[in-house]
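# Descriptive analysis of the structure
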4 protein chains.
Amino acid sequence: MFSVALARGIIDVYVNVNVNPRSGGNAKFNMTLIPFEPKDAAYAERVRASFELQGAMKTLGASLAGVEPGQVVIELPWAQSLTQQHGFLHAGMVAAALDSACGYAAFSLMPADAGVLTIEYKINLLAPAQGQRFRMVGQVVKPGRTVTVAEGRAYAITDGREKLIATMSATLMAVTGREGIRN
Amino acid sequence: MFSVALARGIIDVYVNVNVNPRSGGNAKFNMTLIPFEPKDAAYAERVRASFELQGAMKTLGASLAGVEPGQVVIELPWAQSLTQQHGFLHAGMVAAALDSACGYAAFSLMPADAGVLTIEYKINLLAPAQGQRFRMVGQVVKPGRTVTVAEGRAYAITDGREKLIATMSATLMAVTGREGIRN
Amino acid sequence: MFSVALARGIIDVYVNVNVNPRSGGNAKFNMTLIPFEPKDAAYAERVRASFELQGAMKTLGASLAGVEPGQVVIELPWAQSLTQQHGFLHAGMVAAALDSACGYAAFSLMPADAGVLTIEYKINLLAPAQGQRFRMVGQVVKPGRTVTVAEGRAYAITDGREKLIATMSATLMAVTGREGIRN
Amino acid sequence: MFSVALARGIIDVYVNVNVNPRSGGNAKFNMTLIPFEPKDAAYAERVRASFELQGAMKTLGASLAGVEPGQVVIELPWAQSLTQQHGFLHAGMVAAALDSACGYAAFSLMPADAGVLTIEYKINLLAPAQGQRFRMVGQVVKPGRTVTVAEGRAYAITDGREKLIATMSATLMAVTGREGIRN
């Protein structure tokens, strides 16, 4: 439904937004990422290794669908085990995947010896989480030595059509030298 | 570690806070609930029936530990399937349980024909979610016909000692007459 | 520093981002607005008339720099009377202008007889609010009959260069038939 | 309407809540502060000196009504210059005072050479900010070497009666060794 062309090191970034004529004029926000320079060239391996350690992501049936410097995409299918009382995905489960997307987006820009912890996040649920699959996009807005701010968008996918269902803003902290927190 | 004496219909409410001498002078916030009048006498049954429908709560291993008008307590044990990469409970899982506690606290004050949806919430993670068990307390701050605001506190329990690990503020909406949303 | 070409009713929206070579590789997010249809053709007049009634905006020295369906821009100059202890703009003053931008973005899509109230907002301060002027952009993410979600970006302007200093997510409510709340 | 007896160094803290019989059974939350030990004995002077530097607080007509370790109270009268379009206090102005209360609550526990910056806050507006005077209470929930979490409550006062109109949760950062940020 939309594609973002990321062009590193050049001046102009173009974003094509193909408005679905059936979407009834709803708004679509784009997050255009001006590329970040990772501090650790092995950032993607670090993200993938850490992701594998998250029991919660296995429980969600979630997988890493994209790892770029400052941007991480996580996908998961609908499952009965993740629902709230109306059969939609539970807001907390949407948030868990979105929080991981934001956290790993931040983590991808941190130095090799840093771990990442979530300080806080806020999530706005825009529409019931109804769909066959869900795609969570986390992007860094402002990286920092200690504190990084990231934003997330959650999309529900039904028959190939995407619908924005939630937005998140999250504050992450880089932690170094604390036992047990290395990723 | 602390007890809240809820006294309905009287003028004074006393809160005893027994400071654990080993807690090192940390702050403890109390949320004192001045009792609300439920609109539906069968509020507790409605909360319990809706809770049973949440696949996500089964996945969390969560159970309802208390249902009062405007206050709901949810408990769950630590489980590998709920962890992030350091072995702590995943922030999103803490949030899922806390969101349900806040949501049902709001729901307990709604009329019999209303369903509840989360508009948004914000969570602050105060300490790593390390513990044997976890207790989530959701309380209504301001009920409303359409919009209700609730607050949550998450505690980690280790060897009987409680530690505040997260706070939440949540906005919930009462929904009536929308198909598929009855609880 | 960047310009957004809003094209109504066409398929593609192009966003040109001219990365300032001196900006050191910082991220820039763009919010591309797919146009909304206003319910009230006189939306801009309603926004302007309501804005004039805000004593707070006069105190901020703020002016309306743009009113589109679902998007409102507010600008203000730096002033000593708006500072915190380090001479930066006070976070609360940044938030006041940003909240108004988000609120009027929501208001621009509401029917003629509705008033707008802020339910909640969250603001992330990304950088000290240092600059000669400030530009606040509020945009609707998801309009609704009762509840509308909007997002805001605050930019500090120094010698013509813009810097993203804050992001906001806000929830607004349409209010009808309540005395004293008509705008 | 309620009084909080702060008792340092003792085991029990008692909170008397005198429920106004005319308040119609609304909820009242209490924030009971278990006393913190300030790192700097001159914490109150530091808070007062920094507050004096805030042009924004002068503009609000705000004054410091209480400074304790981890708790700060700010008061201000209603003024036309602080209103939104319905004549209520502008949400942003409520937030500015509440943010300062939270920020100085955090600052009161920081070492003598630290400055304080707001990372983020979220505010829930519970009722229109109608009243003769307003009282903002900021309290630390979790102090930290780098990051401190605080909560705020805003009350509108009319004819001696207090009404909870807003709640805030805020994340503050201690900053040392950065030029221009010493308070």
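All of the points below concern the structure found in this document. (Residues numbered from 1 in each chain as written. Chains lettered and ligands numbered in written order. Predicted model: local features only at pLDDT ≥ 70, side-chain atom pairs only at ≥ 80, totals over all residues. Heavy atoms only, no water.)

To continue, consider the interface of chain D and chain C. Many structure descriptions define interface size as the accessible area lost when the parts assemble. Opposite the 41 residues of chain D that make contact, chain C presents 41 residues. Summed over both sides, the interface between chain D and chain C buries roughly 2,900 Å², with carbon and sulfur atoms accounting for 56% of that surface. Considering only the surface of chain D that becomes buried against chain C, D:Gln85, D:His86 and D:Tyr121 emerge as the three largest contributors, covering 21% of it. Taken together, the links from chain D to chain C amount to zero salt bridges. Between chain D and chain C we count 14 residue pairs in polar contact (both at pLDDT 80 or more) in total. Listing elements by their share of the side of chain D that touches chain C, those giving two or more residues are α2 (55-60), α3 (91-107) and β5 (115-125) of chain D. Its residues assigned to classes, the side of chain D that touches chain C shows 19 nonpolar, 17 polar and five charged. In this sheet, β5(D) lies alongside strand β5 (residues 115-125) of chain C in antiparallel orientation, the contact comprising five bridges. (Contact = heavy atoms within 4.5 Å. Buried area = accessible area lost by both parts, 1.4 Å probe. Salt bridge = Lys/Arg side-chain N within 4 Å of Asp/Glu carboxyl O. Polar contact = N/O pair within 3.5 Å; in protein donor to acceptor, adjacent residues only side chain to side chain. Helix = DSSP H or I, 4+ residues; strand = E, 2+ residues; numbered from the N terminus. Nonpolar A, V, L, I, M, F, W, Y, C, P; charged D, E, K, R; others polar. Pairing = 2+ DSSP bridges.)

This next bit is on unusual backbone geometry. Glycine aside, residues mostly have negative phi angles, and peptide bonds mostly take the trans form. All names here are of chain A. Even without glycine at this site, Asp159 takes up a positive phi of about 50°. Relative to the elements of secondary structure, Asp159 occurs in the loop between β7 (147-158) and β8 (161-175). The exposure class of Asp159 is exposed, given its relative accessible area of 63%. (Buried < 20%, exposed > 50% of the residue type's maximum accessible area, 1.4 Å probe, protein only.)

So, about the environment of D:Arg133. Residue and element names in this part refer to chain D. By the element assignment, Arg133 lies in strand β6 (residues 133-142). Linking Arg133 and Ala91, residues 42 residues apart in sequence, is a C-alpha distance of 15 Å. In this view, Arg133 contacts Glu75, Leu76, Pro77, Trp78, Tyr155, Ala156 and Ile157; residues no more than four positions away in its chain are not counted. Within the structure, the side chain of Arg133 is placed 3.0 Å from the side chain of Glu75, a separation counted as a polar contact.

Just distances and angles here, no functional claims.
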